[in-house]
Amino acid sequence: METLATDPGFNDSGVYLRLGLIVEGKRLKKPPALLSRLASSLVLLLHDESKSPAEFQHSTVTVFDGRSPPEITISDYLDRIFIYSRCSPSCFVVAYIYIHQFLDVTRAHLTPLNVHRLVVTSVMLAAKVFDDRYYNNAYYARVGGVSTRELNRLEMKLLFALDFKLQVDPHTFHTHCCQLEKQNSDGIQIEWPIKEACRANKETWRKSTPESVCSQTTAR
C-alpha cells in the first residue's frame, strides 16, 4: 500500500506524514492522526445539512442497515479495526473512497444504521487489494462485531455495487488525503439516535470480546 502514499508523482509528502501514512521504522503502535480525521469526515456526512433526521428515516434501506445503531462511536470503531486488523493506514483512505463511491452509485445516505458495516467491509476489501498480508473474513467479522456469514454477504454487495473496480489511482488517493487532512477532529457533536447509544457505552468495546461489539445490530 505504500506505493500510493509514496508515489513519486506527488512531492508533497507532508500530508502523508501528518496523517501518519508514512512511518519510519516499525509498525505504528497507536492509531494515526488519519483515523480521527476520517471519523470527523464520516460524522459530517451523517450530519449533512441538506438532510433532516426525518429524511434519514425514509432513506433507502440497504443491506448495510442494521436495526439499531451500534453501541460504539465511529472513532472508537475505527481505532478498534486498526488495532486488531493491523492493516496499513492507507487502507482507511481507500475505504473512505469506496464508501463515497458506494453512496454515489446506490444514492443511499450514510446513517448511524449503516456506517459501521460500511466501514469494516470497506477496510477489509482495501486490505485484500492493497496489503501484502491480511486477515480473512472470519477474523474481520469478529473485529467488526458481525457474523462471518453476514460479512461475506456485505462484501459481495459492495463488490457488485463498485462493479469490482477496486483499484485506486495515486491522484484520487492524494486528493482524498488532502480532504481528510482538512477535517477538524475536535468539537464535533454526535446527535439524535446514535448520540445516546454511543455516549452511554463509550468504553464498553475495550473490554468486550470482538464478536460482542455489534451483536445487537443484525441487518435487516
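The preceding data block contains the structure.
About the criteria used
Residues numbered from 1 in each chain as written. Predicted model: local features only at pLDDT ≥ 70, side-chain atom pairs only at ≥ 80, totals over all residues. Heavy atoms only, no water. Helix = DSSP H or I, 4+ residues; strand = E, 2+ residues; numbered from the N terminus. Buried < 20%, exposed > 50% of the residue type's maximum accessible area, 1.4 Å probe, protein only. Core = buried A, V, L, I, M, F, W, Y, C linked by side-chain atoms within 4.5 Å. Contact = heavy atoms within 4.5 Å. Patch = residues over 30% accessible without salt bridge, like charges linked within 9 Å, V, L, I, M, F, W, Y side chains within 5 Å. Areas by Shrake-Rupley, 256 points an atom, 1.4 Å probe, with all protein chains shown as cover. Salt bridge = Lys/Arg side-chain N within 4 Å of Asp/Glu carboxyl O.

(A) Spatial organisation of the environment of A33. Within the fold, A33 resides in helix 3 (residues 33-46). Of the residues examined, A33 reaches a relative accessible area of 35% and is grouped as partly exposed. Along the chain, A33 and G20 lie 13 residues apart, while their C-alpha atoms are 6.0 Å from each other.

(B) Local environment of the nonpolar core. If you look at the biggest cluster of nonpolar residues, it comprises 58 residues, and the most contacted ones within it are L42, I81, F92, Y98, V119 and Y140. Counting residues per element, the ones that place at least two in this core are helix 2 (14-19), helix 3, helix 5 (74-85), helix 6 (90-106), helix 7 (115-130), helix 8 (137-144), helix 9 (148-161) and helix 10 (170-181). The biggest single contributor to this core is helix 6, with 11 residues. Residues contacting V119, with those up to four places away along its chain left out, are L42, Y77, L78, I81 and I99.

(C) Geometry of a nonpolar patch on the surface. Where nonpolar side chains cluster on the molecular surface, the patch consists of M156, F160 and F164 and spans about 340 Å² of accessible area. For F160, a relative accessible area of 58% corresponds to the exposed category.

(D) Layout of unusual backbone geometry. For R86, which is not glycine, the phi dihedral falls at a positive 60°. Relative to the helices and strands, R86 resides in the loop between helix 5 and helix 6. Residue R86 is classed as exposed on the basis of its relative accessible area of 54%. Of note, the phi angle at D163 is positive, near 60°, even though the residue is not glycine.

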